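What follows is the residue order along each chain.
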Amino acid sequence: MKIVDLHAHFYPAFMAEDPEGWAKSVGENYWGFLMGKREDGKIPLQGFPSEEKFLGDMAKAGVSRSVLQGWYWENSATCKLANVYAEKFCLANPDKISAFAAVNPADEGEALKIVKSARSQGFAGVGEIHDGGQKFDFLSGAFGKFARACGEEGLPICVHLTEESQRNYRGKVPTNNAAAFEAARRFPQTKFIFAHWAGSQSFFDLKPPPNVLLDSAATPLLFRVDTSAWKIIPAILPDSCAFGTDYPIRLYPKKFKQEELQTIVSEALANVPKECAEKFFHGNAERFLAL
């Protein structure tokens, strides 16, 4: 089975050496909080593989292409810095790595500049973006300009949507999921990828617009030991969802101290119905991104 991982991340080594210290120096406090030392003494979930390990984990898991999602940085200067390293990784591995350009829609002028230059730099889309963390409004005029520009450039927007549940965990920040869907309806010429199964577990009533694709990033953390999401959602929404992992997050923290990719791939392959597997594992992503 050909596998495209629509939702992965990559951070250069200098960010990994002292995540808290680096984040503080550039005003990225939320990222630093998530990546730094935990008060409870547990190992942070985020892994920081080298390019070599990243590609090696892909090969071991049978992933043919990984799509790097940008982090939802608070500052446009950090977005630009991260984009430099993502672009380099893509250029060095064009047959295996694609990337989305990091952007903060709250910084309207800089966001539009990034959108206008993204295609020429080889980016396949923009995002991941997070309205709660980056302080923008999906229904504002500024976001409307951003969404229209992405549509004009043929750049899908990856949107982080937080699960709508009472379950609390470190760093959980709410997102306006209803507003995200409304924005997708307002801008039908713009493609949207709603991460983490769109932050919802009400799949039987969920009817995404045709310009929306849901990704499965972080499924093991969202559903713990319950593997039914792999079985149910692709069957209900065969044309509207795609495989994503959130690698190099440690998706099975009780099993592994290091990031790894093979387990989530194996879990998905064992559970996604065969009749919709081709679309789920690569077809929908390739269609959406024109890979």
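Scroll up to find the structure this text is about.
Overview of the structure.

Further remarks concern the overall build of the protein. Scanning the protein for helices and strands turns up 13 helices and eight strands. For the protein, the C-alpha radius of gyration of 17 Å lies close to 19 Å, the compact-globule estimate for 291 residues. Over its C-alpha atoms, taken along the principal directions, the protein stretches across nearly 45 × 45 × 40 Å. Buried residues in the protein amount to 57% of all 291 residues. The contacts in the protein between residues at least 6 apart in sequence include a share of 75% that link residues at least 24 apart. Of the roughly 12600 Å² of accessible surface on the protein, 54% is carried by carbon and sulfur atoms.

With that out of the way, let us pick up the side chain of Asp131. You can see Asp131 is positioned in helix α7 (residues 131-134). What Asp131 contacts, discounting residues up to four positions off in sequence, is Phe136, Phe138, Thr175 and Asn176.

Taken as a whole, helix α4 (residues 51-61) has its buried residues at Phe54, Leu55, Asp57, Met58 and Ala61. Projected down its long axis, α4 carries its buried residues within an arc of 155°, all on one side. With respect to the buried face of α4, the exposed residues turned more than 90 degrees away are Glu52, Ala59 and Lys60. Along its buried surface, α4 packs onto β1 (4-8), β2 (65-68), α5 (76-92), β3 (97-101) and α12 (262-271). Just past α4, the residue Gly62 takes up positive phi, approximately 80°.

The next subject is the packing of aromatic side chains. Under the criterion given, the structure shown has 30 aromatic pairs. Ring centres of Trp230 and Phe243 lie 6.1 Å apart, and the angle between their planes is 40°; on these two criteria the pair is classed as tilted. Of this pair, Trp230 sits in helix α11 (residues 228-236) while Phe243 sits in the loop between β8 (241-242) and α12, placing them 13 residues apart in sequence. For Phe243, a relative accessible area of 0% gives the class buried. By way of ring pairs, the aromatic residues Tyr11, Phe14, Trp22, Tyr30, Trp31, Phe48, Trp71, Tyr72, Trp73 and Tyr85 are connected into one cluster. Sitting over the face of the ring of Tyr85, Lys88 holds its NZ or CZ atom 5.3 Å from the ring centroid. When the ring centre of Phe288 is taken as origin, the NZ or CZ atom of Lys191, which lies over that ring, is 5.3 Å away.

Let us look at the pattern of salt bridges. Enumeration according to the criterion identifies 11 salt bridges in this entry. Here Glu110 makes a salt bridge to Lys80, at a shortest N to O gap of 2.5 Å. With Glu110 in helix α6 (residues 108-118) and Lys80 in helix α5, this residue pair connects regions lying 30 residues apart in the sequence. Residue class for Lys80 comes out partly exposed when judged on its relative accessible area of 41%. A salt bridge links Glu152 to Lys116; its shortest N-O distance comes to 3.7 Å. With a gap of 36 residues between them, Glu152 in helix α8 (residues 141-153) and Lys116 in helix α6 connect regions that are remote in the sequence. Each member of the salt-bridge network shares a partner with another, and the members are Lys53, Asp57 and Glu259.

Reading the values: rules and limits
- Residues numbered from 1 in each chain as written.
- Predicted model: local features only at pLDDT ≥ 70, side-chain atom pairs only at ≥ 80, totals over all residues.
- Heavy atoms only, no water.
- Helix = DSSP H or I, 4+ residues; strand = E, 2+ residues; numbered from the N terminus.
- Rg over C-alpha atoms; globule rule 2.2 N^0.38 Å.
- Buried < 20%, exposed > 50% of the residue type's maximum accessible area, 1.4 Å probe, protein only.
- Contact = heavy atoms within 4.5 Å.
- Areas by Shrake-Rupley, 256 points an atom, 1.4 Å probe, with all protein chains shown as cover.
- Arc of directions from axis to C-beta.
- Phe/Tyr/Trp six-rings, centres within 6.5 Å; stacked < 30°, edge-to-face > 60°.
- Lys NZ or Arg CZ within 6 Å of the ring centre and 35° of its normal.
- Salt bridge = Lys/Arg side-chain N within 4 Å of Asp/Glu carboxyl O.

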